Amino acid sequence: MKGTTPTSFFLRILIFSGILFLLPSSLYASPDSIVSKSEGFSAESLFRGLIGMLFIMFVAWLFSSNRKAISWRVVLTGLAIQVLLALAILNVPFVGSIFDTLGKIFVKVLSFSEEGARFLFKSFSSGEIEEPLLNFAITILPTIIFFSGLTSILFFYGIIQKVVYWMALGMTKLLKISGPESLSVAGNIFLGQTESPLMIKAYLEKMNRSEIMLVMSGGMATLAGGVLAVYIKVLGAGDPIQELLYAKHLLAASIMAAPGVIIISKILVPQTEKIDKNVTIQKEKIGKNILDAISNGTTEGIKLAVNVAGMLLVFIALIAMLNYILIKVGSWTHLNNLIVSVTDGEYSGLSLEFILGYAFAPFMWLLGVAADDIDLVGRVLGEKIIMTEFIGYVSLGELKEAGAFAYEKSIIMATYVLAGFANFASIGIQIGGIGALAPGKRTLLTQLGMRALLAGTLASLLSATIVGMILG
């Protein structure tokens, strides 16, 4: 990486790891069985939130390629925007009602997808298929396909482009980033990490290192509309009230991630060159007419649904295989009994969930997660990074339904922590997807892959920290 030798990069990782392990072991507490409500904003929550934000900024600064070139004005402006967004969404009735309305729209549209799914899968209701498989088949996969088709309609008529344009214009003015960068970040709120760059593909070959970094980071930090709808279903578990609650928070998470990822990206790879502030969306047609657009969107949705189904099958199978090996190792080394004793039976022995949960737990405490729940939130974060956010949300939904969390605030914070495509697989997806649009940048994409993953992760954690601070 430019400006960073492999030795210094890994030295920073060691420093970062050392700070985490200096934290007291008393942080690792077993969760209670009753979910407690948030106590509201307080001096303690403000203090915890400030610690979390400072720590995230420190990590970004530690891994920066050019610390002297960091624009702290842009960082403070971006933080202010994120805090104001969170305050407005959670505490201002008018703004909150807007997000509630958007959430209701999402939930209503989800009900439309259920009508199509009911027709398609009604013959499966004979009882021969296990209920979890039936629920997955008739709720999750059809939702992806339907929203892909709906997004294509909105894109064909230019509705998404208009919303993206005005959001991008605001980010360019406030955060002093280039027009193409802001278009890409704004587009990622609605589109996937390889679809959004289509709007700026004419600019990609001309972009400098810092701009390409933000294009990649923006894709890692936000969620596309199609999968957003899926996670509403996963966390809502069929309860309309819960679906409305998590629709609001998932929408807020995706929007809050935009300013957050800008400041994190500009700390990691600061802008040192002249930029183009012109905000112009390329006219990219996805079909010759509306029917062609729907057809193309549906086809892409089917591909995505099949990919999600296959991904879940493989990763869940791999987790089961790895846990089988770890349990055997734990039995041979007598670690299983020790783990059961230390965690009061929360974990049955050495497992991937245990390792991830306790590895990320200190970080979760620094962000303001209740001590009773830090290992659970750490676990889903680890699953997101190593596997995908889909696995993380599925785990979060299962833990929520099982009553594993002690505090409701922890579940909401975990919703923000998981909101983004920041995982190792996304590095390959972006190199392939963006690299196809700008072949000349393929080497740069490979160089920035790990930094973009870090930026996307830190941006989601920053949103979670701010929301947790306000919830108290």
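What counts, and at which threshold
- Residues numbered from 1 in each chain as written.
- Predicted model: local features only at pLDDT ≥ 70, side-chain atom pairs only at ≥ 80, totals over all residues.
- Heavy atoms only, no water.
- Helix = DSSP H or I, 4+ residues; strand = E, 2+ residues; numbered from the N terminus.
- Expected span 1.5 Å × (residues − 1).
- Bend = angle between axes of the 7 residues up to and from the residue.
- Buried < 20%, exposed > 50% of the residue type's maximum accessible area, 1.4 Å probe, protein only.
- Phe/Tyr/Trp six-rings, centres within 6.5 Å; stacked < 30°, edge-to-face > 60°.
- Patch = residues over 30% accessible without salt bridge, like charges linked within 9 Å, V, L, I, M, F, W, Y side chains within 5 Å.
- Areas by Shrake-Rupley, 256 points an atom, 1.4 Å probe, with all protein chains shown as cover.
- Salt bridge = Lys/Arg side-chain N within 4 Å of Asp/Glu carboxyl O.
- pLDDT = per-residue confidence, 0-100.
- Contact = heavy atoms within 4.5 Å.
- Core = buried A, V, L, I, M, F, W, Y, C linked by side-chain atoms within 4.5 Å.

A look at helix α19 (residues 442–471)
Between its terminal C-alpha atoms α19 stretches 42 Å, which fits the 44 Å expected from 30 residues at 1.5 Å a residue. Bending of α19 peaks at approximately 50 degrees at the position of Leu-448. Among the 30 residues in α19, 24 count as buried, and that is most of the element. Downstream of α19 by one or two residues, Gly-472 has phi in the positive range, about 85 degrees.

Thoughts on the packing of aromatic side chains
Enumeration over the complete set of coordinates arrives at five aromatic pairs. Between the aromatic rings of Tyr-231 and Phe-390, the centroid separation amounts to 5.5 Å while the plane-to-plane angle is 70 degrees, which identifies the pairing as edge-to-face. In this pair, Tyr-231 sits in helix α10 (residues 225–236) while Phe-390 sits in helix α16 (residues 389–401), placing the two residues 159 residues apart along the sequence. Phe-390 sits in the buried class, given a relative accessible area of 2%.

Observations concerning a nonpolar patch on the surface
A contiguous nonpolar patch, built from Leu-313, Val-314, Leu-318, Met-321, Tyr-324 and Ile-325 and spanning about 620 Å² of accessible area, is present on the exposed surface. Its place among the elements puts Ile-325 in helix α12 (residues 290–332). Residue classification places Ile-325 among the partly exposed positions, given a relative accessible area of 43%.

Some details on the confidence of the model for the protein
Caution is warranted with low-pLDDT regions, since their predicted coordinates should not be read in detail. Considering every residue of the protein, the mean pLDDT works out to 78; 79% of them sit at 70 or more. The secondary structure element of the protein with the lowest average pLDDT is helix α1 (residues 6–21), at 44, and the one with the highest is helix α17 (residues 408–417), at 92. Contacts of residues 1–34 to residues separated by more than four positions or lying in other chains number 62 contacts, the stretch itself having pLDDT below 50. The low-confidence segment residues 123–134, where pLDDT is below 50, has three contacts with residues more than four positions distant or belonging to other chains.

Brief notes about the nonpolar core
Core analysis: the biggest nonpolar cluster contains 124 residues, and Met-57, Leu-223, Ile-264, Met-364, Tyr-393, Leu-396 and Leu-461 have the highest contact counts within it. Sorting elements by how many residues they give to this core places α19 first, with 16 residues. Beyond its immediate stretch of four places on either side in the chain, Ile-264 contacts Ile-56, Met-57, Ala-60, Ala-455, Leu-458 and Ala-459.

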